[in-house]
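Inside the fold
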Amino acid sequence: MSLDSAIIRRLRGSSDLLTVASSHAALIKSGALTASVFNHLINAYVRREVVRDAHKLFDEMTAPDVVSWTSLMAGYVHVALPGDALSLFHYMLNCEARPNAFTYATAINACSRLADLALGRTIHARVETCGVRSDVVVSSSLLDMYGKSNEVEDARKIFDDMIERNVVSWGSMISTYAQNARGHEALALFGEFLRASSSVSLVPNHFMFSSVVNACASVGRLGLGRSAHASIVCRGYDSNEVVAGALIDMYSKCGSIDYARKVFDHIECPSLVPYTSMIIAAAKYGLGSHSLELFDEMIAQGVKPNSVTLLGVLHACNHCGLVDIGLLHLNSMRDRHGIAPSTRHYTSVVDMLARAGRLDEAHELSKQVKAEGDDALMLWSSLLSACRTYQRLDIASEAGKRLAEFDRDVAGAYVAMSNAYVAVGQLESATRIWAEMSRRGIRKEPACSWVELKDVAYVFYAGEVSSAGPRQVEVMELLKELERRMRERGYVGGGNGWGLDGVEEGEEGKGVMVGVHSERLALGFGLISIPKGITIRVMKNLRMCKDCHEAFKLISDIVERELVVRDLNRFHLFRNGSCTCRDYW
């Protein structure tokens, strides 16, 4: 073996910058700086994330080849400088070296990092004309870019047109569905992958499993989530912090906070992701003190929080009414943790102040925050919801007008305004709101609730018990009996458990016999179908009404069972006649 070959071999195996620098010096001394040697050096510096030194070497080359260009571009993407990578790509197009499939894939990845969909489409068009579209690496990069840009249909078209698919392309498409609130499609595609993998020897990786677990969380499928967890353990991915964080999130969102804690406790040295996931999980269950204890423990362990962690801390204070503590955390974010509060942090604080009845402070903060898009929608929705509770029509009117400007969820704004009018006895104004909704053809999303039984979700709508199949009569008889026993204990709400379902917080219209609330139907089916001793978990797409919340507390004591409800905003764990939210929600 020649001296130059020995040096290059050492360069390939280098694990520190000193070895790279000494090998570089030795190669200069030997005078063996060919294009191939330059490329080895560029790659070595890129691996050590010293991209500027790699670029200096690149500039010394008389005729960089495609490997030189692509290696340096990949280095810039790796160190989070995708703009520099794309500058190189555009410069390369006017040079002698021609991009290959890996060059295009790297440029597409850079567009994905920058969230520059327009430029990504331009490069996609060039890919089609250059004949590298069929390359699995290029197609996977395109799929990932469209997925991260929330262009689900474009991503699916790329996936469907792929001649060859690897675990990365399957994982990217599953992730795209999971990240765009299409969990059912993500799980269906994972099922296709499992069937296809038996013939082509594809093995799911930790990235795919985390997406599958996230999909289970989004649709509340605990059974499938547990099955995925078992496969994760079998393949040894349970120690991966991203997977562990996804499992904590899944168990908490599927109404199993105890299992979420078990996953967390199994981690020997929790890092940022598991700590953040557990803090948020506890907050959603109204376990604010536990969230704050975890946060203090995290800081004591030297784990630096990020903006999401601090958002979880604010949520914990919000859901437990710890307003002053929440304000202290908000005001110390920058000085103590070096993190500037974002619109999402301020929105959480607006909601926290409004829930606590400090509406003037919440209103003033809302006007100061420069929120746009979804952030503004969440901010003014939070304020409007509290206005009904505290009968503040003056603020409700402004919040309603702000929300009416949005193209989506206009129905929510109208319904909340109607509730505010009803709360202060202005029924004519409420009627005008509903008439305007009818005139404009605006409909509120129908409420539905579901329970999972043997990996099958049974979905119930207001007044429709057909999902119970042949056990419909049993469900109705059980609910009537529970209603009788609740009234013996002083329950006065709802009028036989009937009311207008599908609207939030008291929108059911007392005394209007339209249909049994969907969560009660789901609970009734769960009580006759799920063996005693097993927690019944009910998922709902909208906020749980106050009557049902009171009923679930009483029922948990009557039947001596633990009940969990996941609604639009949080979790309620009912046990022995009380709820973990302590009626603060």
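Looking at an unreviewed UniProt entry, one finds the protein named DYW domain-containing protein and attributed to Ensete ventricosum. Per UniProt, the protein has the following entry under Sequence similarities (unreviewed entry): "Belongs to the PPR family. PCMP-E subfamily."

Observations regarding the sheet that holds strand β8 (residues 578-579)
The strand order across the open sheet built from six strands is β2-β1-β5-β6-β7-β8, with neighbouring strands paired in mixed fashion. Both outer strands of the open sheet, β2 (456-461) and β8, are each paired with one neighbouring strand and no more. Across the face of the sheet, helix α29 (residues 546-558) comes into contact with β6 (563-566), β7 (571-575) and β8 while running at roughly 35° to β7.

With respect to the pattern of salt bridges
Enumeration according to the criterion identifies 30 salt bridges in this entry. Here R484 ties to E488 by a salt bridge, and the two come within 2.4 Å at their closest N and O atoms. With a gap of four residues between them, R484 and E488 both fall in helix α27 (residues 472-488), about one helical turn apart. Residue R484 is classed as partly exposed on the basis of its relative accessible area, which comes to 41%. A salt bridge links E519 to K540; its shortest N-O distance comes to 2.8 Å. Pair noted here: E519 is in helix α28 (residues 518-529) and K540 is in strand β5 (residues 536-540), with a separation of 21 residues, a long-range link. Residues E519 and K540 agree in their burial class; the two are buried. Three or more residues joined by partner-sharing salt bridges are found here, namely E128, R133, K157 and D161.

Quick notes on the UniProt feature "repeat: PPR" (unreviewed entry) in the protein
Mapped onto this numbering, the UniProt entry gives "repeat: PPR" (unreviewed entry) at residues 65-99, 135-169, 271-305, 342-376 and 410-444. Across residues 65-99, the secondary structure splits into 69% helix and 0% strand, with the terminal C-alpha atoms separated by 9 Å. The span residues 135-169 shows a helical share of 74% and a strand share of 0%, and its end C-alpha atoms are spaced 12 Å apart.

Some points on the confidence of the model for the protein
Summary statistics for the protein give a mean pLDDT of 86 and a share of 91% for residues scoring 70 or more. Within the protein, no element has a lower average pLDDT than strand β3 (residues 498-499), which sits at 38, and none a higher one than helix α10 (residues 152-161), at 96. Across residues 495-514 the pLDDT falls below 50, and counting only partners more than four positions away or on other chains, this stretch makes 61 contacts in the model.

What to know about the pairing of β7
Along any regular strand the residues' side chains alternate between the sheet's two faces. Among the five residues in β7, four count as buried, and that is most of the element. Note that β6 and β7 share four bridges and pair antiparallel. Bridge pairing in β7 links R566 to F571. Linking β6 to β7, which pair antiparallel, is a turn of four residues. By the bridge criterion, two bridges tie β7 to β8 in an arrangement that is antiparallel. Considered in β8, the bridge of F574 is made with C579. Hairpin connection, β7 to β8: the antiparallel pair is bridged by two residues, and N576 has positive phi, about 55°.

Some remarks on the packing of helix α9 (residues 136-148) against α10
Packing of α9 against α10 leaves a shortest axis separation of 8 Å and a crossing angle of 165°. The orientation of α9 relative to α10 falls into the category roughly antiparallel. Viewed along their axes, α9 and α10 form a crossing whose handedness is left-handed. Contacts from S139, L142, L143, Y146 and G147 in α9 reach D154, A155, I158 and F159 in α10. Here the contact of α9 with α10 is built from residues that sort into six nonpolar, two polar and one charged.

With respect to the nonpolar core
Grouped together as the largest cluster of nonpolar side chains are 132 residues, with contacts concentrated most on I123 and M250. When sequence neighbours within four positions are dropped, the list of residues in contact with M250 reads V213, C216, A217, L222, G225 and R226. Ranked by size, the runner-up nonpolar core spans 34 residues in total, among them L453, V475, I558 and C581.

Calculation rules
Residues numbered from 1 in each chain as written. Predicted model: local features only at pLDDT ≥ 70, side-chain atom pairs only at ≥ 80, totals over all residues. Heavy atoms only, no water. UniProt positions renumbered as here; feature names shortened; annotations may be inferred. Pairing = 2+ DSSP bridges. Helix = DSSP H or I, 4+ residues; strand = E, 2+ residues; numbered from the N terminus. Contact = heavy atoms within 4.5 Å. Axes fitted to C-alpha atoms, helices over the stretch in contact; angles between N-to-C directions. Salt bridge = Lys/Arg side-chain N within 4 Å of Asp/Glu carboxyl O. Buried < 20%, exposed > 50% of the residue type's maximum accessible area, 1.4 Å probe, protein only. pLDDT = per-residue confidence, 0-100. Parallel < 35°, antiparallel > 145°, perpendicular 65-115°, else oblique. Left-handed = near helix turned anticlockwise from the far one by under 90°. Nonpolar A, V, L, I, M, F, W, Y, C, P; charged D, E, K, R; others polar. Core = buried A, V, L, I, M, F, W, Y, C linked by side-chain atoms within 4.5 Å.

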